[in-house]
Amino acid sequence: AQSVAQPEDQVNVAEGNPLTVKCTYSVSGNPYLFWYVQYPNRGLQFLLKYITGDNLVKGSYGFEAEFNKSQTSFHLKKPSALVSDSALYFCAVRDRVTDSWGKLQFGAGTQVVVTP
Amino acid sequence: DGGITQSPKYLFRKEGQNVTLSCEQNLNHDAMYWYRQDPGQGLRLIYYSQIVNDFQKGDIAEGYSVSREKKESFPLTVTSAQKNPTAFYLCASSIGLAHTGELFFGEGSRLTVL
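This structure is a prediction, so every number in the text was calculated from the model and none was measured.

The rules we used
- Residues numbered from 1 in each chain as written.
- Chains lettered and ligands numbered in written order.
- Predicted model: local features only at pLDDT ≥ 70, side-chain atom pairs only at ≥ 80, totals over all residues.
- Heavy atoms only, no water.
- Helix = DSSP H or I, 4+ residues; strand = E, 2+ residues; numbered from the N terminus.
- Rg over C-alpha atoms; globule rule 2.2 N^0.38 Å.
- Buried < 20%, exposed > 50% of the residue type's maximum accessible area, 1.4 Å probe, protein only.
- Contact = heavy atoms within 4.5 Å.
- Areas by Shrake-Rupley, 256 points an atom, 1.4 Å probe, with all protein chains shown as cover.
- Lys, Arg positive; Asp, Glu negative; His and termini not counted.
- Charge placed at Lys NZ, Arg CZ, Asp CG, Glu CD.
- Salt bridge = Lys/Arg side-chain N within 4 Å of Asp/Glu carboxyl O.
- Pairing = 2+ DSSP bridges.
- Axes fitted to C-alpha atoms, helices over the stretch in contact; angles between N-to-C directions.
- Patch = residues over 30% accessible without salt bridge, like charges linked within 9 Å, V, L, I, M, F, W, Y side chains within 5 Å.
- Buried area = accessible area lost by both parts, 1.4 Å probe.
- Polar contact = N/O pair within 3.5 Å; in protein donor to acceptor, adjacent residues only side chain to side chain.
- Phe/Tyr/Trp six-rings, centres within 6.5 Å; stacked < 30°, edge-to-face > 60°.
- Lys NZ or Arg CZ within 6 Å of the ring centre and 35° of its normal.

Participant: Help me get a handle on the overall build of chain B, residues and values and all.
Facilitator: When its secondary structure is counted, chain B shows 0 helices and 11 strands. Reading chain B from its N end, one meets helices and strands in the order β-β-β-β-β-β-β-β-β-β-β. Taken against the 2.2 N^0.38 rule, which gives 13 Å for 114 residues, the C-alpha radius of gyration of chain B at 13 Å falls within 12% of a compact globule. Projected onto its principal axes, the C-alpha positions of chain B cover 40 × 25 × 25 Å. Across the 114 residues that make up chain B, the buried fraction comes to 49%. Look at the contacts in chain B between residues 6 or more apart in sequence, and 53% of them connect residues 24 or more apart. As displayed, chain B offers around 5500 Å² of accessible surface, 48% of which is attributable to carbon and sulfur atoms. Averaging the positions of the 11 positive and the 12 negative side-chain charges in chain B gives two centres separated by 8 Å.

Participant: Summarise the pattern of salt bridges; cite the residues concerned and give the values.
Facilitator: Tallied over the full model, the rule gives 7 salt bridges over all chains. For B:Glu102, the salt bridge identified is with A:Lys49, shortest N-O distance 3.9 Å. Of the two residues, B:Glu102 sits in the loop between strand S9 (87–94) and strand S10 (104–105) while A:Lys49 sits in strand S6 (residues 44–50), which places them in two different chains. Several salt bridges converge on common partners, so that one network encompasses B:Arg36, B:Asp38 and B:Arg44.

Participant: Quick rundown of the sheet that holds strand S7 (residues 64–66) of chain B? Include the residues and the values.
Facilitator: All names here are of chain B. On the basis of which strands lie adjacent, the open sheet formed by 4 strands has the order S1-S3-S8-S7 and antiparallel pairing. The two strands at the open ends of the sheet, each matched to only one other strand, are strand S1 (4–7) and S7. Here the strands of the sheet are splayed against their neighbours by 20 degrees on average, with no regard to which way each runs. Looking at chain direction, S1 and strand S3 (residues 19–25) are connected through 4 bridges and run antiparallel. Residue pairing for S3: Ile4 is matched across the bridge by Gln25.

Participant: Could you give an account of a nonpolar patch on the surface, with specific residues and numbers?
Facilitator: All names here are of chain B. Together, Tyr10, Phe12 and Leu114 make up an exposed nonpolar region whose accessible area comes to about 380 Å². Within the secondary structure, Phe12 is located in strand S2 (residues 10–13). Judged by its relative accessible area of 54%, Phe12 falls in the exposed class.

Participant: Which residues make up the interface of chain B and chain A, and what values go with them?
Facilitator: In this assembly, 27 residues from chain B lie in contact with 22 residues from chain A. Interface area for chain B against chain A, summed over the two sides, is near 1900 Å², with a carbon-plus-sulfur share of 52%. Taken together, chain B and chain A are joined by 5 residue pairs in polar contact (both at pLDDT 80 or more). Secondary structure elements with two or more residues in the side of chain B that touches chain A: strand S4 (31–37), strand S5 (43–51) and S9 of chain B. Here the side of chain B that touches chain A takes 4 residues from S5(B), the largest share from any one element.

Participant: An account of the pairing of S6(A) is needed here, citing residue identities and associated values.
Facilitator: Residues and elements named next belong to chain A. The pairing of strand S5 (residues 31–38) with S6 spans 6 bridges and is antiparallel. Across the sheet, residue Tyr36 finds its bridge partner in S6, namely Phe46. From the end of S5 to the start of S6, which pair antiparallel, there are 5 residues, and Asn41 there has a positive phi angle of about 55 degrees.

Participant: So what about the side chain of B:His29? Which residues, and what values?
Facilitator: All names here are of chain B. Within the secondary structure, His29 is located in the loop between S3 and S4. With a relative accessible area of 7%, His29 lands in the buried category. A polar contact is formed between the side chain of His29 and the side chain of Ser93, at a distance of 2.7 Å. If near-sequence neighbours (up to four positions away) are discounted, His29 is found in contact with Arg68, Lys71, Ser93, Ser94, Ile95 and Phe104.

Participant: Tell me about the packing of aromatic side chains, residues and numbers included.
Facilitator: Evaluated as defined, the whole model comprises 14 aromatic pairs over all chains. Considering the side-chain rings of A:Phe106 and B:Tyr35, the 5.4 Å spacing of their centres and the 85 degrees angle between planes classify their relative orientation as edge-to-face. Within this pair, whereas A:Phe106 is found in strand S11 (residues 105–106), its partner B:Tyr35 is found in strand S4, the two belonging to separate chains. Comparing A:Phe106 with B:Tyr35, the two get one shared label, buried. Ring pairing ties together the aromatic residues A:Phe34, A:Tyr36, A:Phe46, A:Phe90, A:Phe106, B:Tyr33, B:Tyr35 and B:Phe105, which thus form one cluster. The aromatic ring of B:Phe74 is capped on one face by B:Arg68, whose charged end is 6.0 Å from the ring centroid.

Shown next as structure tokens:
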């Protein structure tokens, strides 16, 4: 069975400082990994994904994430946070072997608060 | 512009009533999904459909029903058998089977049981 853990319910950061949102996963095979962002009372928006290849993935709005197979992690990062980055962030994983139709397992979400 | 449209955005229901949430997509995607979101629990899969006239139960299907008569449409009915229906419901779509792409989400429907 696949699972995702986001160990922090909330991350607080000052505008201009680096932002990191943590994600660890568990799958039986090799993973497909995704990050999504959700603004209040809105749907989820795709940020970036890791499928294969380079472990450092760049996505929308200046975000990037690093796939670390040995630590089974896929942390989301942004070098300089903006107040507008305040939102709920979800990590999701799919086992490419057992879930051929695309079922994603989502983490519980991490609320990011960026203060001016 | 292509996308997913969910309606209504807000819905109130009395106990014992069935309600149907609409989901329409014009992305020409084969696969569609319904998720339920509760605070602190992430997203949980209710039902999914890979093609027209076929759908499968997700992790929390009890008390819900769906249909897929058209490629573009995947309505969700929350029945009176659902014990705790107050939640935010999200519809999503993807290209299809064995894909590596992302899910596209609608804006959600918030259901409140009075």
